[in-house]
Number of protein chains: 2
Amino acid sequence: MSVSEAAPKLAERYDLYAELARRGIRLTRQRRVLVETIQNASRHLDAESLWRQARARDASINLATVYRTLGMLKKLGLVDELDLMHLEGEKHYYEVSRARAHLHLACFGCGRIEEYQTEAFERLRQQVEEACGFAIQTGRLEFGGRCRHCRA
Amino acid sequence: MSVSEAAPKLAERYDLYAELARRGIRLTRQRRVLVETIQNASRHLDAESLWRQARARDASINLATVYRTLGMLKKLGLVDELDLMHLEGEKHYYEVSRARAHLHLACFGCGRIEEYQTEAFERLRQQVEEACGFAIQTGRLEFGGRCRHCRA
DNA sequence: GTATTTGCAAAAGCTTTGCTGCAAC
DNA sequence: GTTGCAGCAAAGCTTTTGCAAATAC
């Protein structure tokens, strides 16, 4: 590439609690458990994994409530929905939004998901907004291929 | 943006027939109709639209055959599968691949899909390959927001 | 007390699959 | 004649929805 550029570490996740409070949104007991589970997730969750993890803390939580809560957080822009190149069926994955965009790399060999943040992506987004007159609200960049380890 | 750059017109679609012939792949009658329909589609097709269009020419074609043919073309890298930000349910859309990557803009207001090709996307892809050691086979960049007309 | 949310079960939407017979060479 | 593909119908998987009961304030 022409301009050398270090890969910045990922920006911090939003603090869901703080954001919801700031917007005056109150949570029921179930939603509180779900929000906490999402906030502390160590990997990309699909609806059913989230459900399983949340049920460990509140066995009464229903999968429909999981979807309804995810829908609310999506609409508020607090979580992003990913496809991860449909590596594993058609389910969606969810992650807490961050102040800066990042992209996802899905390895067709081992299923590993990598994340990468770069200014070039932010700049591209801005270029598109200006060139197309489009007010971008959300975006998703996913690459599929073979990771460093699976190429060998 | 820092570097002014004209938006190139989209690169040409692959010629599916030629590519299949080059690889020594022969088509059945149904697949021939499907390939032609995809090649000449004027907009992004989902499986059912493709089915409807193809059935106008061969009423016997089954939806399962549509999916099987799309699967083959995907695997060969001749068509790309898009989500278009799930603007309309969870179905997928298909388009003939092109020599250069382009991105999609989905308007949440009117449902319009725009396409945009820029060198910056190609460069970003290459940067990612080098920085992450990833051999990218396919990629998808989609933005959702409000188009020029819906912002007014 | 009123408004919202929940659990449940059923439905919906899209895609895949098993199988038998037909088509391609 | 062998190999693979098509049609059909059924199943599969993920997500959404209607409704009565429960919860939140």
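This is a predicted model, so every value here is computed, not measured.

Basis of the calculations
Residues numbered from 1 in each chain as written. Chains lettered and ligands numbered in written order. Predicted model: local features only at pLDDT ≥ 70, side-chain atom pairs only at ≥ 80, totals over all residues. Heavy atoms only, no water. Helix = DSSP H or I, 4+ residues; strand = E, 2+ residues; numbered from the N terminus. Buried < 20%, exposed > 50% of the residue type's maximum accessible area, 1.4 Å probe, protein only. Contact = heavy atoms within 4.5 Å. Areas by Shrake-Rupley, 256 points an atom, 1.4 Å probe, with all protein chains shown as cover. Lys, Arg positive; Asp, Glu negative; His and termini not counted. Charge placed at Lys NZ, Arg CZ, Asp CG, Glu CD. Polar contact = N/O pair within 3.5 Å; in protein donor to acceptor, adjacent residues only side chain to side chain. Buried area = accessible area lost by both parts, 1.4 Å probe. Salt bridge = Lys/Arg side-chain N within 4 Å of Asp/Glu carboxyl O. Nonpolar A, V, L, I, M, F, W, Y, C, P; charged D, E, K, R; others polar. Pairing = 2+ DSSP bridges. Expected span 1.5 Å × (residues − 1). Least-squares fit on C-alpha atoms with pLDDT ≥ 70 in both. Near = heavy atom within 4 Å. Axes fitted to C-alpha atoms, helices over the stretch in contact; angles between N-to-C directions. Parallel < 35°, antiparallel > 145°, perpendicular 65-115°, else oblique. Left-handed = near helix turned anticlockwise from the far one by under 90°.

### Here's the deal with the overall build of chain A
- Within chain A, the secondary structure is distributed over 5 helices and 6 strands.
- Moving toward the C terminus, one meets the helices and strands of chain A in the order α-α-β-α-α-β-β-β-β-α-β.
- Counting only C-alpha atoms and orienting by the principal axes, one finds that chain A spans roughly 55 × 40 × 25 Å.
- Within chain A, buried positions represent 45% of all 152 residues.
- In chain A, the proportion of contacts linking residues at least 24 apart, taken out of those at least 6 apart, comes to 55%.
- Split by element, the accessible area of chain A, about 8,000 Å² in all, is 45% carbon and sulfur.
- If the 25 positive side-chain charges of chain A are averaged to one point and the 21 negative ones to another, these points end up 5 Å apart.

### Notes on the side chain of Asp83(B)
- By the element assignment, Asp83(B) lies in the loop between strand 2 (79–82) and strand 3 (93–96).
- A polar side-chain atom of Asp83(B) sits 3.1 Å from a polar atom in the side chain of Arg140(B).
- Those residues in contact with Asp83(B) that sit more than four places away from it in its chain are Asp83(A), His86(A), Arg140(A), Lys91(B), His92(B), Tyr93(B), Arg140(B) and Glu142(B).

### Digging into the interface of chain B and chain A
- Contacts between the two partners involve 42 residues from chain B, matched on the other side by 42 residues from chain A.
- Carbon and sulfur atoms supply 61% of the area that chain B and chain A bury against each other, a total of about 4,000 Å² over both sides.
- Our enumeration of links across chain B and chain A arrives at 0 salt bridges.
- At the junction of chain B with chain A, the criterion picks out 24 residue pairs in polar contact (both at pLDDT 80 or more).
- Counting residues per element, the ones that place at least two in the side of chain B that touches chain A are strand 4 (103–107), strand 5 (113–116), helix 5 (119–132) and strand 6 (135–146) of chain B.
- Among the elements that line the side of chain B that touches chain A, the one with the most residues is strand 6 of chain B, at 12 residues.
- Here the residues of the side of chain B that touches chain A are counted per class, giving 20 nonpolar, 10 polar and 12 charged.
- Across 11 bridges, strand 6 (residues 135–146) of chain A lies against strand 6 of chain B in antiparallel orientation. By the bridge assignment for strand 6 of chain B, Gly144(A) is matched with Thr138(B).

### Some words on helix 5 of chain B
- Along its 14 residues, helix 5 of chain B runs 20 Å from first to last C-alpha, staying within 8% of the 20 Å computed at 1.5 Å per residue.
- Taken together, the buried positions of helix 5 of chain B are Ala120(B), Phe121(B), Glu122(B), Leu124(B), Gln127(B), Val128(B) and Cys132(B).
- The inward-facing, buried residues of helix 5 of chain B contact strand 4 (103–107), strand 5 (113–116), helix 5 (119–132) and strand 6 of chain A together with strand 4 and strand 6 of chain B.
- The backbone nitrogen of Ala120(B) has a side-chain oxygen 3.0 Å away, supplied by the residue at the start of helix 5 of chain B, namely Thr118(B).
- In the stretch just after helix 5 of chain B, Gly133(B) is the one whose phi turns positive, near 65 degrees.

### As for the relation of the copies chain B and chain A
- The two copies are related by a screw motion: chain B maps onto chain A through a turn of 180 degrees and a shift of 0.0 Å along the axis, at an RMSD of 0.0 Å. Taken together, the rotation angle and the small translation identify this as a two-fold axis. Ranked by how close their C-alpha atoms come to the rotation axis, the residues of chain B are headed by Leu141(B), at 2.2 Å.
- Most of the interface of chain B is mirrored in chain A, where 100% of its interface residues again form contacts.

### Observations concerning the protein's contact with DNA strand D
- Close to DNA strand D lie 18 residues, the nearest being Tyr67(A), Thr28(B), Ser60(B), Thr65(B) and Arg68(B).
- Each atom of DNA strand D within 4 Å of the protein belongs either to a base or to sugar and phosphate, the latter forming 68%.
- Interatomic distance of 2.6 Å between a side-chain N/O atom of Thr65(B) and a phosphate oxygen of DNA strand D.
- At a separation of 2.9 Å, a base nitrogen of DNA strand D approaches a polar side-chain atom of Arg68(B).
- Among the secondary structure elements, those contributing two or more residues to the surface near DNA strand D are helix 4 (63–75) of chain A together with helix 2 (29–40) and helix 4 (63–75) of chain B.
- Looking at the surface near DNA strand D element by element, the count peaks at 4 residues for helix 4 of chain A.

### A closer look at the protein's contact with DNA strand C
- Taken together, the neighbourhood of DNA strand C is formed by 16 residues, with Ser60(A), Thr65(A), Arg68(A), Arg26(B) and Tyr67(B) sitting nearest.
- In this structure, Asn62(A) approaches DNA strand C through a main-chain N or O atom, which is 3.1 Å from a phosphate oxygen.
- Mapped by element, the contributors of at least two residues to the surface near DNA strand C are helix 2 (29–40) and helix 4 of chain A together with helix 4 of chain B.

### So, the packing of helix 3 (residues 47–55) of chain A against helix 4 of chain A
All names here are of chain A.
- Running from N to C, helix 3 and helix 4 point in directions that differ by 115 degrees, and their axes come no closer than 10 Å. Here helix 3 is positioned roughly perpendicular relative to helix 4, judged by the angle of their axes. Between helix 3 and helix 4 lies a crossing whose hand is right-handed. Contact residues: helix 3 offers Ala47, Leu50 and Trp51, while helix 4 offers Leu63, Val66, Tyr67 and Leu70.

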